[in-house]
Structures are given as C-alpha cells and as structure tokens.
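One-letter residues, chain by chain:
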Amino acid sequence: MSDTQNLIDNRPPSVATLFTERVAATPDAEAYRYPVAGGRSGQGGRSGPDEWRSLSWSEAAERVYAVAAGLIELGVRPEERVALASATRVEWILVDLGVMCAGAATTTVYPSTNTEESAFILADSDSRVLIAEDAAQVAKARERRAELPHLAHVVVIDAADALPAEGDPEGWVLSLADLEERGTEYLAKNPQAVKERLAAITPTQLATLIYTSGTTGRPKGVRLAHDSWSYMATAIATTGLVTADDVQYLWLPLAHVFGKVLTSGQIAVGHVTAVDGRVDKIIENLPVVRPTYMAAVPRIFEKVYNGVAAKARAGGAAKYKIFQWAAGVAREHAKAAQDNFRRTGTKSVPFALEAKHRVADALVYSKLREAFGGRLRAAISGSAALAPDIGYFFSGAGIHILEGYGLTETSAASFVNPGEAYRTGTVGKPLPGTEVRIADDGEILLRGPGVMAGYHGLPEKTAEVLESDGWFHTGDIGELSADGYLRITDRKKDLIKTSGGKYIAPAEVEGQFKAVCPFVSNILVHGADRNFCTALIALDEPAILGWAAENGMAGRPYADVVASAQTERLIDGYVKRLNEGLQRWQTIKKFRLLPRDLDIEHGELTPSLKLKRPVVEREYKDLIEEMYEGTRES
C-alpha cells in the first residue's frame, strides 16, 4: 500500500479532529490573517488602508472552542443545524469550525440570498441557530420569524445596529462576542464538554448542508458528512500542490463548496490563509498579502485579462500592438512547453520562441505577475470552464492556472491538475481515492468518499442522481485521455440540438468568444430546436466605457454606449472572428447586446458567477424571438 493510500485510508473521522491535531502540532504557527479597520474585521464602508492582523492556531482554537461550547450551552445537539449567513471573513471559518467541534452541522446561506429563499433554507434545514453577519441578515430572519418555529436563537457577528440599545429582552438575538463569552464560562464549569462532543463524532455524521442554487424551483440541500471533508482535506494534502510554507489568499464565498473545501485543505497542510471576501478589494489586497497560491472562478481571470488589454489599448496603438504580440507569444510558449512536457518531461521550447518570450516577459508579463503580488506559484480555477486561450495566456505569462472540477454533491474537489504536469483545457486527474468513469452517453460518473449522502429530505431526487453502488451522475459531459486527464465538454442538459439535428456545446462556443473579444463580460449562445445559433452578449462595463471614451462617446452611460451602432459594429467584428474558427452549424448568425451586465442580484448568475441559462432566456425572450423573426423553423 502506498503512503498516499495509507494516509487516505487512515484519515481522521472529521475536520474537527484534524483541527485539534493541527493545533497540537503547530500551536504557535500563524493560521489566519484578516483585515481590520475602524474596529471591525474586513467588511464594508470604510476608508483608508486596512490593518492586517493574525491568529495563531492556538488563538484560533480558543475562539473555536468557545463558539462550540456556547452552542452546546444554547442547547444545540449533535447533527442539529446551525445556519451561517455571512460574507467570507475569518469569523466564518471560526464559527464553522465551532459548529463542527460541537458535533452540529453548518447550513450555509449566501448573504445575497433574498428574504424568501433564506426563510425557505432555514425552515427546510430545521436550523436551530442562525449566525448572521449583520443587521441586514438579522432582519431577514426577523421578518419571517413566524415561519421559523425551530429557530431558537440568532447570533450576530457585527452587533452594531443589529441589537436594540436596551438589548434583546427576549434573548432571541445575541452577539458573537456574547456567545463566545457564554462558551468560555460553560467550559470553565464543564472543561470536557467540547472534547466529549469531538470524540463522539462519527464519519457518517452530518457536517454541512449546502443548498444548491437551482436555476428553476427551490434549491436542494446537499448533505455532506464529516468524512467527506476529512477525505478532501487529506487528499489535497497528499497531492503536494500546497505546502506548509504557502500563503493562500481566500476571497471566494465560503457558503459555496469551492470556498469551503479550501478551508479544509489548509487545516490538513497547516499553511497561512489570508481571508477577505470583498471582491472589490482583490486588486488592492494582492500586493499586500503576496499569496503563493489562490483560487478563483474563471470570471476573475477573464476580468483581469480584459483589464490588462484595456489598459494597453488606452496607452495608444503602439502599446496595444505590443500587448497583442505578447499575448500571442504567451499562448504559443505555453502550448509548446506543455506539449514538450507531455512528451519528454521537460518544458523546453525552441530557442527563437524562448528569446521572444524573454522580451515579452520584460515588457508585459513581469508587470502582470507583480499585480498578483509577485509570488504566485499557481492559481486554481474551478466552478465553471476557463476558456483555454485565457488559460494559455496566463500560463505563458508565468501565472499557472490549474483547473479543477467538482460539484457541491462531490464536496468540490474531485479533480485537479497535477502541478507542473498541468494541461490547459483539462481539469486534470481525480484526487486519490476518487473513481471516475464515462457513461455510454458521455456523462461523467464519480464515486468516492467526497460524494454526498443525498439531498436533504428528498429521497426521490437523490435516487435520480445517486446509484445504490455509490456512482454519482454529474450531469456533465466529458472525455478522459489515455493517461487520465479529464476534459469537460458541456452540461448534459445544456447541449443544444439544432432543428437540423446537429449537437452544439454552447459553453465551448462561449468560451472561445471570451478569448477572442476583450470587451465581453457574459455571453449566452441559443439555438435549441432552431435552424441557426444566436447570442445574447453583455459587455464588461470598465472595458467598453474605456473604449467609448477613445471613440467619441466619453461620458455617455453604459446603456447608451451598448445601444450605439458603433459598439454593435465593434462586437460584430469579434463575432465574425469567432465564426471563422467554428463549424458552419456552430456559427453565430445574429446577436444582441444587453442593456446591462448579468448579475447575481437579478438572479441571472449564481453566487459563484455561473450563468443561469433558463433565467436569462426567460428574461430576454423577446430579444431572442426578435433574432428569429422572418426565418423558417424546420
């Protein structure tokens, strides 16, 4: 038996156990960094630079155990749900660990979730306690309190404005500081309380309930056991992709499975994590944190690419020409290096290409790496497909993007690219302990410790995707290479079949357009049961307004710019360039520019920035029909 397999087979029953082992092994080592300004940690409405503070593993443990004991004192029993509605911040991690150490289960709630859906999740999960970030989250629960008989307490992280000046006479709302104080007092009288809960945790015990963002109907609660997270943490540690010397920058939503799995892996490895969920602070934080690795969704890399291109364009024709040349060199270099590594195990490239690459590095790539903090070894991309041309660009620029793959139902990290042997355009190989097979219709099936126990209270829905022998139907279509690399081609349900009988993977076409057009933010390709394909295109506001300022439309609002004939001609040129590389039946015959970008607030994107196709197609049905008017449907 290999050392890797031995570690996985003998993993602890829970991440709570891993946490106690980590604290014992490296009590004084730095665990977390977090920003503080104006007396609060890392959230909203402040000016001036943040001060970054640290928690050692022992300091983190003191707060985690106080939270755990506080929950026990409130009467929370093993496997009972504690909902957590907060943006990504260090308290999210401490509370989640406290819930697990109490033997309870965390129900994750995005802070952007509206009142109605928040109430549904709290009721469906039978959550006994809600940990709310601020007054806005408390207000959602208070508004629907009559529908939440199981919700005994609300604990608020940022207590300012969330509690009446006279306090809460009912005792329904208390601050996180109050909870920790109650927990500390409880531990003084019952010093073994948390240790006893920890010792009683079994691998199959419920640890997390994550509600998927459904494109239609109510979200489903995915039941993930303690063993799923322990497996993920251990498997990530065995890959060698991260080490104890790493510094992770964590900004992803922790209510999402992708963000959550990163906290588990960190505990197993023991490196530092800098936590700040404010997306608008990423550019400011990177040179301060100087991470060695970070994870992101493709939209972030697309925005960075578009931003760099827009900055070069604003510098004049010469600078933009240099950028375009350097981008081409980066892609050529990355492809050559990866192809050669596959054949020979070295990333050497032809001398002439290496010489061009050195010049491009001095002019363009080095500045890009500095913007990421200058120490980034690798970035992990997941949640959706990254356009290969975007991946090759960053790879050639020395920012190595390792695509991974997984679902909420598989605890996020089922596949990841293996370090130096990564292959752009694939999601890598399965984590040790995860099995994969491709069904006859191309669907990817997965089996392993990361697979969910089922959907909460929905046995029929569970049976639709989870076979009795443990194989989970992902709903994604993919291909496996001879040496085990997986390439995702599309969602099974998203494949388009035209009226002419041709199958089209819209995500593939959409990804190619994002690589061709530096102004695009979101694109939806439509064509199911139609005789040609069309597209709805939303433009990146900073990029297109920058272009507009250079083309006689300075100061005009976004909606006016995208409605102009000049902008339509610009984007039409990129659509034509896209079509040159497509099969005839894949080409975009018509498109419409949307009056605003797609967003989470309007329900068009999930919190992890995935496109909700049915929602967008319903909302812009008139525009779609307009593109097919006067055509014969066969």
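This report concerns the structure included in the present document.

Here is what the cut-offs are and how they apply
- Residues numbered from 1 in each chain as written.
- Predicted model: local features only at pLDDT ≥ 70, side-chain atom pairs only at ≥ 80, totals over all residues.
- Heavy atoms only, no water.
- Helix = DSSP H or I, 4+ residues; strand = E, 2+ residues; numbered from the N terminus.
- Rg over C-alpha atoms; globule rule 2.2 N^0.38 Å.
- Buried < 20%, exposed > 50% of the residue type's maximum accessible area, 1.4 Å probe, protein only.
- Contact = heavy atoms within 4.5 Å.
- Areas by Shrake-Rupley, 256 points an atom, 1.4 Å probe, with all protein chains shown as cover.
- Lys, Arg positive; Asp, Glu negative; His and termini not counted.
- Charge placed at Lys NZ, Arg CZ, Asp CG, Glu CD.
- Pairing = 2+ DSSP bridges.
- Phe/Tyr/Trp six-rings, centres within 6.5 Å; stacked < 30°, edge-to-face > 60°.
- Core = buried A, V, L, I, M, F, W, Y, C linked by side-chain atoms within 4.5 Å.
- Patch = residues over 30% accessible without salt bridge, like charges linked within 9 Å, V, L, I, M, F, W, Y side chains within 5 Å.
- Salt bridge = Lys/Arg side-chain N within 4 Å of Asp/Glu carboxyl O.
- Arc of directions from axis to C-beta.
- 1 Å grid on protein atoms, 1.4 Å probe; cavity = no way out; pocket = protein on both sides within 12 Å on 5 of 7 lines; lining within 4 Å.
- Points joined across faces, edges and corners; volume = space filled by probe spheres on them.
- Nonpolar A, V, L, I, M, F, W, Y, C, P; charged D, E, K, R; others polar.

1. Some points on the overall build of the protein
Inference 1: Counting secondary structure elements, the protein contains 22 helices and 27 strands.
Inference 2: At 25 Å, the protein has a C-alpha radius of gyration in line with the 26 Å of a compact globule built from 634 residues.
Inference 3: With respect to the principal axes defined by its C-alpha atoms, the protein has extents near 75 × 55 × 55 Å.
Inference 4: Here the protein holds 634 residues, and 56% of them are scored as buried.
Inference 5: When contacts within the protein are restricted to residue pairs at least 6 apart in sequence, long-range pairs at least 24 apart make up 68% of them.
Inference 6: In the structure as shown, the protein presents an accessible area of about 26100 Å², 52% of it carried by carbon and sulfur atoms.
Inference 7: Each charge class in the protein was averaged separately, 71 positive and 82 negative side chains, and the resulting centres sit 5 Å apart.

2. Considerations on the pairing of strand β1 (residues 30–37)
Inference 1: Of all the eight residues making up β1, six are buried; the element is thus mostly covered by neighbouring parts of the structure.
Inference 2: Where β1 lies against strand β3 (residues 51–56), six bridges are found, and the strand directions are antiparallel. Across the sheet, Tyr34 pairs through a bridge with Arg53, a residue of β3.
Inference 3: As paired strands, β1 and strand β12 (residues 272–275) are joined by two bridges and run parallel to one another. Within β12, the position partnered with Arg33 by the bridge is Ala274.

3. Thoughts on the packing of aromatic side chains
Inference 1: Here the structure, examined in full by the defined rule, presents 15 aromatic pairs.
Inference 2: Taken together, a centroid distance of 6.0 Å and an interplanar angle of 50 degrees make the contact between Tyr305 and Phe323 tilted. Of this pair, Tyr305 sits in helix α12 (residues 298–314) while Phe323 sits in helix α13 (residues 317–344), and the two are 18 residues apart along the sequence.
Inference 3: The class for Tyr305 is buried, based on a relative accessible area of 6%.
Inference 4: Here Phe323 falls in the buried class, since its relative accessible area comes to 5%.

4. A few points about the nonpolar core
Inference 1: Ranked by size, the top nonpolar core spans 159 residues in total, and within it Tyr32, Phe394, Phe513, Phe519, Ile537 and Ile571 carry the most contacts.
Inference 2: Of all hydrophobic cores here, the second largest spans 19 residues; its members include Ala85, Val109, Ala132 and Tyr211.

5. Some points on the environment of Val279
Inference 1: With respect to the secondary-structure elements, Val279 resides in the loop between β12 and α11 (282–289).
Inference 2: With 28 residues separating them along the chain, Val279 and Trp251 place their C-alpha atoms 7.0 Å apart.

6. Details of a nonpolar patch on the surface
Inference 1: A surface patch of nonpolar side chains, about 330 Å² in accessible area, is lined by Ile322, Trp325, Val359 and Leu363.
Inference 2: Elements with a contribution of two residues or more to the nonpolar patch: α13 and α14 (351–371).
Inference 3: Tracing the sequence through the fold places Leu363 in helix α14.
Inference 4: Looking at Leu363, the relative accessible area reads 42%, which means it is partly exposed.

7. What to know about helix α8 (residues 193–200)
Inference 1: Taken as a whole, α8 has its buried residues at Ala193, Val194, Arg197 and Leu198. Buried residues of α8, seen end-on, are gathered within an arc of 130 degrees and therefore sit on one face of the element. Among the exposed residues of α8, those oriented more than 90 degrees off its buried face are Lys195, Glu196, Ala199 and Ala200.
Inference 2: Next to the buried residues of α8 lie α2 (15–25), α3 (57–73), α4 (90–101) and α7 (176–189).

8. Here we look at empty space enclosed by the protein
Inference 1: Across all of its chains, the model carries four cavities of 30 Å³ or more by this definition.
Inference 2: Considered as a void within the structure, the largest cavity measures approximately 70 Å³ in volume.
Inference 3: As for the largest cavity, its lining consists of Ala85, Val109, Ser118, Leu122, Leu130, Gln137, Lys140 and Ala141.
Inference 4: Elements represented by at least two residues in the lining of the largest cavity include exactly α5 (115–124) and α6 (135–143).
Inference 5: Looking at the lining of the largest cavity, the element that brings in the most residues is α6, giving three residues.
Inference 6: Its residues placed into classes, the lining of the largest cavity shows five nonpolar, two polar and one charged.

9. Thoughts on the side chain of Asp276
Inference 1: Looking at where Asp276 falls in the secondary structure, it is placed in the loop between β12 and α11.
Inference 2: Judged by its relative accessible area of 1%, Asp276 falls in the buried class.

10. Some points on the sheet that holds strand β8 (residues 173–175)
Inference 1: The strand order across the open sheet formed by eight strands is β8-β7-β6-β4-β5-β9-β10-β20, and the pairing between neighbours is mixed. Both outer strands of the open sheet, β8 and β20 (454–455), are each paired with one neighbouring strand and no more.
Inference 2: With four bridges connecting them, strand β4 (residues 81–85) and strand β6 (residues 129–132) associate as parallel partners. Bridge pairing in β6 links Ala85 to Ala132.

Worth remembering: the numbers are spatial, not functional.
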